[in-house]
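Residue-level structural notes
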Amino acid sequence: MSVLVAGAGPTGMVTALTLAANGVPCRVLERRPQSSGSSRALGLQARSMELLAGLGLADEVERVAYRLSGASIMRGDAELSRLSWVPPQSPYPYTYVLPQSGLEEILRGRLREVGVEVEYGAEVRTVVQYDDRVGVQLADGRPLEASWLVGADGSRSRVRTELEIALDGGATGETYYLADVVLDAAPPFRDSAMWLGPAGPLMLMRLPGPVELWRIFVDMTDAAQTEELPEPSIAVLQQLLDERGPSRTRIADVPWTSIFRTRVCLAAEYRRGRAFLAGDAAHVFPPFGGQGMNLGIQDAVNLAWRLARVEQGASDRLLDGYEAERHPVAAATIRDVERRRQLYALRNPIARSLRDAMLRFGARVPGAARQASLQNSQLDLSYRTGRRRPFSPGPEIGDRAPDAALAEGTVHDRLGVDHLTLLHFDTAQGERLDEPGTVVVRIDDETDPAGTTRARYGLRQGYVLIRPDGYLASRGTDLAEVRRVVASINEPARIR
Ligand SMILES: Cc1cc2nc3c(=O)[nH]c(=O)nc-3n(C[C@H](O)[C@H](O)[C@H](O)COP(=O)(O)OP(=O)(O)OC[C@H]3O[C@@H](n4cnc5c(N)ncnc54)[C@H](O)[C@@H]3O)c2cc1C
């Protein structure tokens, strides 16, 4: 058995799917006795959808999710302003809203199709490391061993504790009610709306489906400081809606509730020996902007393609890139979410007025809306090292590979989590590259008649090498350099 994955949340299951796509055996161990029906995270961002497309799952998500195109800032029943997303350049340019449980069902179904059954009632209790393998003991006493362990076991990660990896950060002091509520009629606002009152924000977001099911998110920090909070029942939530939100919006049912105390934490390391942390096991922060689950999905693909190559004989130095790339991304996301949290937590009336004016102004400035949409989509994320060349005409090493039309399909259709993709511009001029595990795509007048791909990549001759997770590993005109990079990815362990 090559890889044990602890945790069958989105991170664990995407890790397993990426390993399976590469033909690497794995087992998914889940503490719960059965799958969870709780909705929790609601949004898939564009970058996650691109990765899910590489696993053949984006169409299925699109069938059950709806496309969120903005959020309204409200006062009572009146819309003060509308923050409209500016769709970024991607085959999936929106936030795709579906409950986490719905995504998990899709992931679990696909895992079953590829022969991996999530093992419920399998709680990892201890972790033991050896030079050539890692062992875990389950709560029922069963010992298991594998070459690698991925701790995707959520914010209270047992794997993290067992590895003695410190979690930097802690509670930030806010308390929220979260609940899924059924409204008795369609409310007088669109899919996502926010009221920024003196007691903190109240937000509502529609869930997909035939009934008026909405997620409500209410800041209860002030009340939590002076009293024991009651359970968020229909009556309690209705009173909060009436006091802080729209009038005449009636709650008919409350199928799910949670009391959420915000924490902001980041694991000091993502790897110890043969064990790794990914997703909420590595980073925890409040859900402003819907980034958490998306970071986990991207951690999963970044780690799993590397593990797969190493299992196929590459040097385990390839694994160093996981923490080097993903830890700074989580740190930057946390900084951004912290800014939002602090903005929402404002209580001083003057500071709140300034904030509200700033949000309304931001909604009207196209450049600001475009930047906010791009950042939320996680498409602007880059692993670039070194300085960007001035006037660079296309993506550079470390940047996400942009999509572009070809005579048949698009560039993204050729990417996949199980191979490197070499875009070979103007093949008449160049040598051919034929390396194992690499799909070569010709880009010339025949395959790119409108020149879209050449324009987007800023190349007429030369090569772009794209990693299995969709980022540029190399670009240029020197095929020897591309060969060197492919070799460094495939480099056998014995060369070390
Ligand atoms: C109440 C709540 C509401 C949220 N709302 C939002 C939201 O609105 N928007 C948003 O973006 N994010 C939200 N989040 C965060 C989001 O749910 C997480 O970012 C996301 O679930 C991370 O996925 P994950 O797979 O890394 O971890 P998880 O989804 O937590 O999955 C971890 C899995 O590991 C299992 N496990 C735990 N310990 C063990 C063990 N020892 N052995 C084996 N299995 C184990 C758990 O049972 C669980 O199934 C919310 C979280 C909570 C708790």
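Keep in mind that this is a model prediction, so the values were computed, not measured.

So, about the overall build of the protein. Counting secondary structure elements, the protein contains 14 helices and 24 strands. Its C-alpha radius of gyration of 24 Å places the protein within 12% of the 23 Å reference for a compact globule of 496 residues. Projected onto its principal axes, the C-alpha coordinates of the protein cover approximately 70 × 60 × 40 Å. By the burial criterion, 43% of the 496 residues in the protein qualify as buried. Once local pairs closer than 6 in sequence are excluded, the contacts in the protein between residues at least 24 apart make up 70%.

Turning our eyes to something else, we now look at the UniProt feature "domain: FAD-binding" (unreviewed entry) in the protein. Mapped onto the present numbering, the UniProt feature "domain: FAD-binding" (unreviewed entry) falls on residues 2–335. Along residues 2–335, the helical share is 30% and the strand share 34%, with 36 Å between the first and last C-alpha atoms.

Moving on to the nonpolar core. Counting residues in each nonpolar core, the largest one holds 105 residues, and the members touching the most others are Val 3, Val 5, Ala 16, Leu 149 and Val 150. Broken down by element, this core gets its largest block of residues, 10 residues, from helix α8 (residues 292–311). Both of domain 1 (3–42 + 99–166 + 268–345) and domain 2 (171–263) provide at least three residues apiece to this core. Not counting residues within four places of it along the chain, the set of residues in contact with Val 150 comprises Val 3, Val 5, Ala 6, Thr 15, Phe 276, Ala 278 and Leu 303. Listed in part, the 23 residues of the second largest apolar core include Leu 422, Leu 423, Phe 425 and Leu 465.

Quick look at the site of the ligand now. Taken together, 31 residues lie around the ligand, and Gly 7, Gly 9, Gly 154, Gly 279 and Gly 292 are the ones closest in. Looking at the shell around the ligand, the elements with two or more residues in it are α1 (10–21), β2 (26–30), β17 (251–267) and α8. By residue class, the composition of the shell around the ligand is 12 nonpolar, 11 polar and 8 charged. Viewed by domain, the shell around the ligand spans two of them, domain 1 (3–42 + 99–166 + 268–345) and domain 2 (171–263), each represented by three or more residues.

Along an α-helix, residues three or four positions apart point the same way, because every turn accommodates 3.6 residues. The terminal C-alpha atoms of α1 lie 16 Å apart, and with 12 residues this matches the ideal 16 Å at 1.5 Å per residue to within 8%. The buried fraction of α1 is high, at 12 of 12 residues. Taken residue by residue, α1 has Pro 10, Thr 11, Gly 12, Met 13, Val 14, Thr 15, Ala 16, Leu 17, Thr 18, Leu 19, Ala 20 and Ala 21 as its buried positions. Along its buried surface, α1 packs onto β1 (3–6), β2, α4 (100–113), β12 (148–151) and α8. Just downstream of α1 lies Gly 23, where phi reads positive at about 75°.

We now examine unusual backbone geometry. Of all residues except glycine, most have a negative phi; of all peptide bonds, most are trans. The backbone of Arg 248 sits at a positive phi, close to 60°, despite the residue not being glycine. Summarising the element assignment, Arg 248 is placed in the loop between α7 (234–244) and β17.

Quoted interface sizes are often the accessible area lost when the parts come together. What the domain assignment lists for the protein is domain 1 (3–42 + 99–166 + 268–345), domain 2 (171–263) and domain 3 (411–495). Just the C-alpha atoms count here: the centres of domain 1 and domain 2 sit 30 Å apart.

Quick look at the sheet that holds strand β24 (residues 472–476) now. With mixed pairing, the 4 strands of this open sheet are ordered in space as β22-β21-β23-β24. Bordering the open sheet on either side are β22 (438–443) and β24, each of which pairs with just one other strand. Sheet twist, expressed as the mean angle between neighbouring strand axes with direction ignored, is 15°. Here 4 bridges tie strand β23 (residues 462–466) to β24, and the two strands are oriented antiparallel to one another. Along β24, the bridge assignment pairs Ile 466 with Leu 472. Sheet strands touched by helix α14 (residues 479–490): β21 (420–425), β22, β23 and β24. Its angle to β24, the strand with the most contacts, is close to 165°.

Scoring rules and cut-offs
- Residues numbered from 1 in each chain as written.
- Predicted model: local features only at pLDDT ≥ 70, side-chain atom pairs only at ≥ 80, totals over all residues.
- Helix = DSSP H or I, 4+ residues; strand = E, 2+ residues; numbered from the N terminus.
- Rg over C-alpha atoms; globule rule 2.2 N^0.38 Å.
- Buried ≥ 20, exposed ≤ 12 C-beta atoms within 10 Å, placed from the backbone.
- Contact = placed C-beta atoms within 7 Å.
- UniProt positions renumbered as here; feature names shortened; annotations may be inferred.
- Core = buried A, V, L, I, M, F, W, Y, C linked by C-beta atoms within 7 Å.
- Domains from an automatic or database assignment.
- Near = placed C-beta within 6 Å.
- Nonpolar A, V, L, I, M, F, W, Y, C, P; charged D, E, K, R; others polar.
- Expected span 1.5 Å × (residues − 1).
- Pairing = 2+ DSSP bridges.
- Axes fitted to C-alpha atoms, helices over the stretch in contact; angles between N-to-C directions.

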